[in-house]
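The primary structure of each chain is shown beneath.
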Amino acid sequence: MVHSWDPGGATESRSKLHIYFRFLRIEQTFFSLPMAYLGAFVAIKKIPPFSILLLIFLSLFFLRTAGMTNDNLADRDIDARNPRTRTRPLVTGKITVKEAKILIVFSLLGFFVSAYFVNIYAFLLSPLVAVVVMTYPYMKRYTAFANYHLATIQGLAIFSGAVASLGLYVHSIVSLLDGVPWFFVLSAIFWAVGFDLYNHIPDAEFDRSMGLHSFAVLLGNKALPFAGFNQILSVVLAFIGDVFYGLGYIAYVATVLHGLIMAYAYYLAARGNFGKAFYYNIYSSVVLGLGIIFDVMLI
């Protein structure tokens with residue numbers, strides 16, 4: 001049995017602030033933050049300045065707010081037809097289209113200003129990062145690789161964290177790119193494909209009827225094993241990263257836990273509980289990110 005669930009729904013009659021939190025799935029912003037900090041810590045092998053950590057948080061918050069709002073706005077008509085997503089605030093009118101557009105403009109402005117204060121490399125790369133994030137909701141109209149597009153956004157969190165800290169110490173774009181912990185970037189991408197499919201598998205029949213694309217639509221009952229395969233790649237790449245970047249035992253333990261939590265999430269998904277599987281999958285990234293951060297702090 002596939003459980004109906006929607007992390008962006010808001011059926012309760014609560015404050016406007018609560019509705020916005022549900023609309024933006026605010027808890028997922030904090031789940032993504034350890035991955036951004038992972039990139040910042042591993043790239044320089046020490047604790048970045050507090051000002052950089054704060055600016056990473058602000059940049060992530062503003063860009064994710066813009067991206068999530070744009071996603072909801074782009075899918076408003078589709079969400080209204082999908083029984084699972086009919087309670088989303090932009091569908092019910094609890095948040096208006098005008099409010100959503102204002103929020104996008106304000107958030108993008110906040111992102112670019114934050115990137116400017118991080119360093120010159122972050123500012124120069126910020127339009128590219130913003131384009132990747134803002135074009136995501138339209139990709140599923142054309143290709144199943146929309147799942148990898150979303151996953152790339154998660155990888156960009158690690159990339160952006162690395163750029164934020166490395167930019168303080170390097171003097172060329174080549175040196176900057178060379179210092180990015182690419183194994184962890186790739187690990188995050190394959191991890192995210194799995195959790196994104198937990199979102200799409202319950203909607204596969206609906207998406208097919210709407211002409212939308214995902215690997216859940218493309219692969220049918222093979223989509224779940226495909227999600228598991230991507231997450232195995234995530235664990236393998238994380239282990240390679242632990243070795244390649246000279247990390248210690250805490251990082252190895254965190255990587256093992258990362259894999260075990262994802263395995264449990266897969267078990268839940270196989271039993272049809274995609275809601276819990278989705279959140280356990282996110283917890284796995286938090287464990288990996290925090291473990292590696294603590295490991296670097298003790299080096």
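About the thresholds
Residues numbered from 1 in each chain as written. Predicted model: local features only at pLDDT ≥ 70, side-chain atom pairs only at ≥ 80, totals over all residues. Heavy atoms only, no water. Axes fitted to C-alpha atoms, helices over the stretch in contact; angles between N-to-C directions. Helix = DSSP H or I, 4+ residues; strand = E, 2+ residues; numbered from the N terminus. Parallel < 35°, antiparallel > 145°, perpendicular 65-115°, else oblique. Left-handed = near helix turned anticlockwise from the far one by under 90°. Contact = heavy atoms within 4.5 Å. Nonpolar A, V, L, I, M, F, W, Y, C, P; charged D, E, K, R; others polar. Salt bridge = Lys/Arg side-chain N within 4 Å of Asp/Glu carboxyl O. Buried < 20%, exposed > 50% of the residue type's maximum accessible area, 1.4 Å probe, protein only. pLDDT = per-residue confidence, 0-100. Core = buried A, V, L, I, M, F, W, Y, C linked by side-chain atoms within 4.5 Å. Phe/Tyr/Trp six-rings, centres within 6.5 Å; stacked < 30°, edge-to-face > 60°.

Draft legend 1. Expanded view of the packing of helix 3 (residues 50–74) against helix 7 (residues 120–139). At a closest axis distance of 8 Å, the pairing of helix 3 and helix 7 adopts a crossing angle of 25°. Considered as vectors, helix 3 and helix 7 are oriented roughly parallel to each other. Helix 7 is crossed by helix 3, and the crossing has right-handed handedness. Every residue of helix 7 that contacts helix 3 at Leu 63, Ala 66, Gly 67, Asn 70, Asp 71 and Ala 74 is listed here: Val 129, Ala 130, Val 133, Met 134, Tyr 136, Pro 137 and Tyr 138. Considered class by class, the residues forming the contact of helix 3 with helix 7 number 10 nonpolar, two polar and one charged.

Draft legend 2. Structural detail: the pattern of salt bridges. All told, the structure shown has four salt bridges when counted by the stated rule. Taking the shortest distance from any N to any O, the salt bridge between Asp 75 and Arg 141 comes out at 3.1 Å. With Asp 75 in the loop between helix 3 and helix 4 (76–81) and Arg 141 in the loop between helix 7 and helix 8 (146–166), this residue pair connects regions lying 66 residues apart in the sequence. A relative accessible area of 26% means that Arg 141 is categorised as partly exposed.

Draft legend 3. Quick peek at the packing of helix 6 (residues 97–118) against helix 7. Running from N to C, helix 6 and helix 7 cross one another at 150°; their axes reach a closest spacing of 8 Å. By the criterion of interaxial angle, the relationship of helix 6 to helix 7 is roughly antiparallel. The element helix 6 and its partner helix 7 pack so that their crossing is right-handed. Residue-level inspection shows Ile 104, Leu 108, Phe 111, Phe 112, Ala 115, Tyr 116 and Val 118 of helix 6 in contact with helix 7, the latter providing Ala 122, Phe 123, Ser 126, Pro 127, Val 129, Ala 130 and Met 134.

Draft legend 4. Focus on the confidence of the model for the protein. Averaged over every residue, the pLDDT of the protein is 90; the share at 70 or more is 94%. Per-element averaging of pLDDT across the protein places helix 1 (residues 16–24) at the bottom with 72 and helix 13 (residues 223–244) at the top with 97.

Draft legend 5. Summary view of the nonpolar core. Counting residues in each nonpolar core, the largest one holds 93 residues, and the members touching the most others are Leu 166, Phe 184, Leu 197, Tyr 198 and Ile 292. Sort the elements by how many residues they give to this core and helix 8 lands first, with 12 residues. Once residues within four sequence positions are removed from consideration, Phe 184 is found in contact with Leu 38, Val 42, Ile 158, Ala 238, Gly 241, Asp 242, Tyr 245, Leu 247 and Ile 292.

Draft legend 6. Seen up close, unusual backbone geometry. Here Lys 45, not a glycine, exhibits a phi torsion of approximately 60°, which is positive. As for its placement among the helices and strands, Lys 45 is situated in the loop between helix 2 (26–44) and helix 3.

Draft legend 7. Broad picture of the packing of aromatic side chains. Summed over the entire model, instances satisfying the criterion amount to 24 aromatic pairs. Arranged with centres 5.1 Å apart and planes meeting at 90°, the rings of Phe 244 and Tyr 245 form a pair that is edge-to-face. One aromatic cluster in this structure is built from Phe 57, Phe 61, Phe 62 and Phe 106.

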